[in-house]
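Residue-level structural notes
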Amino acid sequence: MDTEIMLALFSFSVVTLFTPGPNNVMLMASGANFGLRRSVPHLLGVAAGFPLMVLPVGLGVMRLFDMFPPALLGLQVASILYLLYLAWKIAHAAPPKDAPASARPLTFVQAAAFQWVNPKAWSMALGAITLYAANRDLAAILWVSGSFLAIGTVSALTWTALGTGVRRWLDQPGRLRVFNWTMAALLVGSVAMVMVR
């Protein structure tokens, strides 16, 4: 991969990973509701899960959807329903001190698996493979995946830290309620923006 393509891939990765989307909204909400330390498994699941999704997508998963188009529609419907469920959970999250003992952020595995039903992740993976690994060369696919891993880790940490940073301001239940409902609305909005493309 030449320098010009690597710089373009870097720019693509920064723009797509740092802009608001389901992962970033959920990480910010997790940081605000659970703090940075408790959100680390969620953060790492997002940072590693997406690059691990890019590999099989680049190696041919999309051919399955070409052969059986209803599977893509099923994935889209499942994605929307799951994201609406997550938005509902965020909107109704209790203040940290009042949250039940069972309340916790997503685990590493849950956050990594979430990438497979995240419409923005699918758009990013398909776009990156099409633009930067069009010949499906393994080395190019690994470069794309590695770029997402490096930049995605910084992005996930940044969004979680932003949530943690506003945590003190959210000590008042009214503020936290507004924040959680705003995060839930942004999550639903981010899905709507991806689905209308």
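For the structure, see preceding data.
Position numbers for residues start from 1 in each chain and track the written sequence from start to end. Totals for whole chains, interfaces and linings use every residue, but because this is a predicted model, local features are given only for residues with pLDDT of at least 70 and side-chain atom pairs only at 80 or more, for both listing and counting. Side-chain metrics in this entry use all non-hydrogen atoms of the structure; hydrogen atoms and water are not considered.

Some details on the overall build of the protein
Regarding its fold elements, the protein presents 7 helices and 0 strands. Secondary structure elements in the protein, listed N-terminal to C-terminal, are α-α-α-α-α-α-α. Along the first, second and third principal axes, the C-alpha atoms of the protein reach 55 × 40 × 25 Å. The rule is simple: take the accessible area with a 1.4 Å probe, protein chains only, and divide by the maximum for that residue type; under 20% is buried, over 50% is exposed, in between is partly exposed. Considering the protein as a whole, with its 197 residues, one finds that 44% of them fall into the buried category. Excluding contacts between residues fewer than 6 apart, the proportion of contacts in the protein whose partners are at least 24 apart in sequence is 86%. The Shrake-Rupley method, run with a 1.4 Å probe, gives the accessible areas here. Residue values count only the displayed protein chains as cover. A total accessible area of about 10,300 Å² is found for the protein, and carbon and sulfur atoms account for 71% of it. A run of H or I in DSSP becomes a helix once it reaches four residues, and a run of E becomes a strand once it reaches two; helices and strands are each numbered from the N terminus. Pairs of residues are marked as contacts when any of their non-hydrogen atoms sit within 4.5 Å.

Some thoughts on the environment of Leu106
Along the chain, Leu106 turns up in the loop between α3 (69-91) and α4 (108-114). Since its relative accessible area comes to 16%, Leu106 is described here as buried. Between the C-alpha atoms of Leu106 and Ala47, which are 59 residues apart in sequence, the distance is 13 Å. Setting aside chain neighbours within four positions, we find Leu106 in contact with Met26, Pro41, His42 and Ala111.

So, helix α5 (residues 119-132)
How far a helix is expected to stretch is found by multiplying one less than its residue total by 1.5 Å. With 14 residues, α5 should reach 20 Å at 1.5 Å per residue; the first-to-last C-alpha distance of 20 Å fits that figure. Buried within α5 we find Pro119, Lys120, Ala121, Trp122, Met124, Ala125, Ala128, Ile129 and Tyr132. In the analysis that follows, any N or O atom pair within 3.5 Å is treated as a polar contact, provided that within protein one partner can donate a hydrogen and the other can accept it, and provided that, for residues neighboring in sequence, both atoms belong to side chains. At the N-terminal end of α5, a side-chain oxygen is found 3.0 Å from the backbone nitrogen of Lys120, two or three residues along, and the residue is Asn118.

Concerning unusual backbone geometry
The residue Arg136 is not glycine, and still its phi comes out positive at about 60°. Inspection of the secondary structure puts Arg136 in the loop between α5 and α6 (138-165). Take Arg136: its relative accessible area is 37%, and that puts it in the partly exposed class.

Notes on the environment of Ala184
By the secondary structure assignment, Ala184 is in helix α7 (residues 173-195). Since its relative accessible area comes to 7%, Ala184 is described here as buried. Here Ala184 is in contact with Ala87, Ile90 and Ala91, once residues within four sequence places are set aside.

Describing helix α1 (residues 3-18)
Between the first and last C-alpha of α1 there are 22 Å, a value that for 16 residues agrees with the 22 Å anticipated at 1.5 Å per step. Of all the residues in α1, the buried ones are Leu9, Phe12, Ser13, Thr16 and Leu17. All buried residues of α1 project into a common sector of 110° when viewed along the axis, lining one side. Facing away from the buried side of α1 by over 90 degrees, the exposed positions are Thr3, Glu4, Leu7 and Val15. Throughout, the arc means the angular range of directions from the helix axis out to the C-beta atoms.

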